[in-house]
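What follows is each chain in one-letter form.
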Amino acid sequence: GENVEQHPSTLSVQEGDSAVIKCTYSDSASNYFPWYKQELGKRPQLIIDIRSNVGEKKDQRIAVTLNKTAKHFSLHITETQPEDSAVYFCAAAISSGSARQLTFGSGTQLTVLP
Amino acid sequence: DAGITQSPRHKVTETGTPVTLRCHQTENHRYMYWYRQDPGHGLRLIHYSYGVKDTDKGEVSDGYSVSRSKTEDFLLTLESATSSQTSVYFCAIGGQGAYNEQFFGPGTRLTVL
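**A word on the overall build of chain B**
And step 1. In terms of regular secondary structure, chain B is built from zero helices and eleven strands.
And step 2. Along chain B, helices (α) and strands (β) appear in the sequence β-β-β-β-β-β-β-β-β-β-β when read from the amino end.
And step 3. For chain B, whose C-alpha radius of gyration is 13 Å, the value lies close to the compact-globule estimate of 13 Å for 113 residues.
And step 4. The C-alpha extent of chain B, read off along each of the three principal axes, is 40 × 30 × 25 Å.
And step 5. Within chain B, counting contacts between residues at least 6 apart in sequence, those at least 24 apart form 55% of the total.
And step 6. Charge centroids of chain B, computed over 11 positive and 12 negative side chains, lie 3 Å from each other.

**A closer look at the nonpolar core**
And step 1. Counting residues in each nonpolar core, the largest one holds 23 residues, and the members touching the most others are Trp35(A), Phe73(A), Leu75(A) and Leu110(A).
And step 2. What Leu75(A) contacts, discounting residues up to four positions off in sequence, is Ala19(A), Val20(A), Ile21(A), Trp35(A), Ile47(A), Ile48(A), Ile62(A), Ala63(A) and Tyr88(A).
And step 3. In terms of nonpolar packing, the next biggest core, distinct from the first, is built from 19 residues, Val19(B), Leu21(B), Ile46(B) and Leu78(B) among them.

**What to know about the pairing of strand S4 (residues 32-38) of chain B**
Strand residues, when the strand is regular, have side chains that alternate between the two faces of the sheet.
Residues and elements named next belong to chain B.
And step 1. Among the seven residues that make up S4, seven are buried, leaving the element largely enclosed by the rest of the structure.
And step 2. The alternating pattern of S4 places Met32, Trp34, Arg36 and Asp38 and Tyr33, Tyr35 and Gln37 on opposite faces, both of which are buried.
And step 3. Inspection of the sheet shows S4 paired to strand S5 (residues 42-51) by seven bridges, in the antiparallel sense. Bridging from a neighbouring strand, Tyr33 pairs with Tyr48 of S5.
And step 4. Counting the residues in the hairpin turn of S4 and S5 gives three residues, including Gly40, whose phi is positive at 80°.

**Comments concerning the environment of Ser84(B)**
Residues and elements named next belong to chain B.
And step 1. Assignment of secondary structure puts Ser84 in the loop between strand S8 (73-78) and strand S9 (87-94).
And step 2. The spatial distance from the C-alpha of Ser84 to the C-alpha of Asp56 is 22 Å, given a sequence separation of 28 residues.
And step 3. Here the side chain of Ser84 touches Thr82 through a polar contact of 2.9 Å, side chain to side chain.

**Notes on the packing of aromatic side chains**
And step 1. According to the stated counting rule, one finds 14 aromatic pairs over all chains in the structure shown.
And step 2. Relative to Phe104(A), the ring of Tyr36(A) lies with its centre 5.7 Å away and its plane at 50°, an arrangement referred to as tilted. In this pair, Tyr36(A) sits in strand S4 (residues 32-38) while Phe104(A) sits in strand S10 (residues 102-104), placing the two residues 68 residues apart along the sequence. The same class applies to Tyr36(A) as to Phe104(A), namely buried.
And step 3. Consider the rings of Tyr48(B) and Tyr50(B), whose centres lie 6.3 Å apart with planes at 45°: the pair is tilted.

Criteria and cut-off values
Residues numbered from 1 in each chain as written. Chains lettered and ligands numbered in written order. Predicted model: local features only at pLDDT ≥ 70, side-chain atom pairs only at ≥ 80, totals over all residues. Heavy atoms only, no water. Helix = DSSP H or I, 4+ residues; strand = E, 2+ residues; numbered from the N terminus. Rg over C-alpha atoms; globule rule 2.2 N^0.38 Å. Contact = heavy atoms within 4.5 Å. Lys, Arg positive; Asp, Glu negative; His and termini not counted. Charge placed at Lys NZ, Arg CZ, Asp CG, Glu CD. Core = buried A, V, L, I, M, F, W, Y, C linked by side-chain atoms within 4.5 Å. Buried < 20%, exposed > 50% of the residue type's maximum accessible area, 1.4 Å probe, protein only. Pairing = 2+ DSSP bridges. Polar contact = N/O pair within 3.5 Å; in protein donor to acceptor, adjacent residues only side chain to side chain. Phe/Tyr/Trp six-rings, centres within 6.5 Å; stacked < 30°, edge-to-face > 60°.

What follows is the structure in structure tokens.
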């Protein structure tokens, strides 16, 4: 089955700096890569996703890049703010048939220092 | 938030007792999922459903069973709870067609003593 590795497990940045979280996946058939943000005690919430037919996607201060050859994808947050502090999870899935199973990374605790 | 609720939100039970968690959606989504979340493991898929009475196992299905008798409800049962099943359980619903967006419910914190 799919295996997703996520690094780093913790990340501290100064407010206004950029943060980068990286994930690698094992199954070359995976073609859908979402990122979730989870605040303490809350549910995971989808913040951005990318499909394997594109290499980069941006949404305001958040961007995701995908390198299919190397089987890795990254989340970039620019101009970080204290409200960006949360746990971020990457995931990978194969979009085919009836199987819509997401395999998640182990998470990155991002702390934005004021 | 998508129309997903979970009940109960918190439960403490003893080893060996049966436990049923309920996920209810008002979005009429075909796909529903149960995950567990443990420190250092992210979210791991327990079981999922692709329609009424259609279910399949996920990565960590041992010790769990599910049922889906109607579109809006997906039940997760621990037949005989163990301390290793202490976790936060999240239900999720999936998008239609070729899209895979999954939206999560608020979670159930289960403690097995």
